[in-house]
Amino acid sequence: MDIPLNVEVFCLDGLCGRSTSVVLKPETKEVTHLVGKKNGLPHQEILSPVPAVTATTPDSINLRYARHEIAGLQPFIETDYIQMKTPRPADGIYYMMPYVHPEVQTLPVKHEAIP
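Below: a short report on this structure. Remember, it's a predicted structure, so these values are computed and weren't measured experimentally.

Rules and cut-offs
- Residues numbered from 1 in each chain as written.
- Predicted model: local features only at pLDDT ≥ 70, side-chain atom pairs only at ≥ 80, totals over all residues.
- Heavy atoms only, no water.
- Helix = DSSP H or I, 4+ residues; strand = E, 2+ residues; numbered from the N terminus.
- Buried < 20%, exposed > 50% of the residue type's maximum accessible area, 1.4 Å probe, protein only.
- Areas by Shrake-Rupley, 256 points an atom, 1.4 Å probe, with all protein chains shown as cover.
- Contact = heavy atoms within 4.5 Å.
- Pairing = 2+ DSSP bridges.
- Axes fitted to C-alpha atoms, helices over the stretch in contact; angles between N-to-C directions.

## With respect to the overall build of the protein
For the protein, the count of helices and strands is 1 helix and 8 strands. Per-residue burial for the protein yields a buried fraction of 29% across its 115 residues. A total of about 8,000 Å² of accessible surface is found on the protein, and carbon and sulfur atoms cover 57% of it.

## A word on the side chain of S60
On the secondary structure map, S60 appears in strand β6 (residues 60–63). Here S60 falls in the buried class, since its relative accessible area comes to 15%. Those residues in contact with S60, other than ones at most four positions away along the chain, are P4, V7, E8, F10 and A55.

## Some remarks on the environment of F76
Structurally, the position occupied by F76 is in the loop between α1 (67–70) and β7 (77–89). Each C-alpha atom, one on F76 and one on I114, is 7.2 Å from the other, the two residues being 38 residues apart in sequence. Contacts of F76, omitting those with residues within four sequence positions, involve V23, V35, E45, I46, L47, H111, E112, A113 and I114.

## Concerning the pairing of strand β2 (residues 14–25)
Of the pairings in the sheet, the one linking strand β1 (residues 8–11) to β2 comprises 4 bridges and is antiparallel in character. What sits directly across from V9, in β2, is G17. Here β1 hands over to β2 after 2 residues, the two strands then running antiparallel side by side. Bridge analysis of β2 against strand β3 (residues 30–38) gives 8 bridges, and the strand direction is antiparallel.

## Brief notes about the sheet that holds strand β5 (residues 53–57)
Taking strand neighbours across the sheet as the criterion, the 6 strands line up as β4-β3-β2-β1-β6-β5 in an open arrangement whose pairing is mixed. Where the open sheet ends on each side, the last strands, each with one partner, are β4 (45–49) and β5. Strand-to-strand twist in this sheet, taken as the mean axis angle between neighbours without regard to direction, amounts to 35 degrees. Bridge count between β5 and β6: 4 bridges; the pairing is antiparallel. Bridged to A55 within β6 is N62.

Take a look at the structure:
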């Protein structure tokens, strides 16, 4: 089955998004998941397993899901939060160690959730 990119993706009850990319199994180069951008806000990318694809044409992809079921699929971009100590100057003036007080910041780190 050919899976076209940047085409409209249809659910059982209508248009649900656009295809953006595919996920391949490295050993066999077999397509395992379709990545699609959902319609509506937020424009989140989700992973759909290839067995959910019922039909493809050069202009569209059909899925076996209803639009409300798309919300339960795994997001393609996941965000983890890490804590990191960063030096903060005491009283707004830059000092050398040991006069710098470390400040803990929580930083978002985004990564692709490739199965």
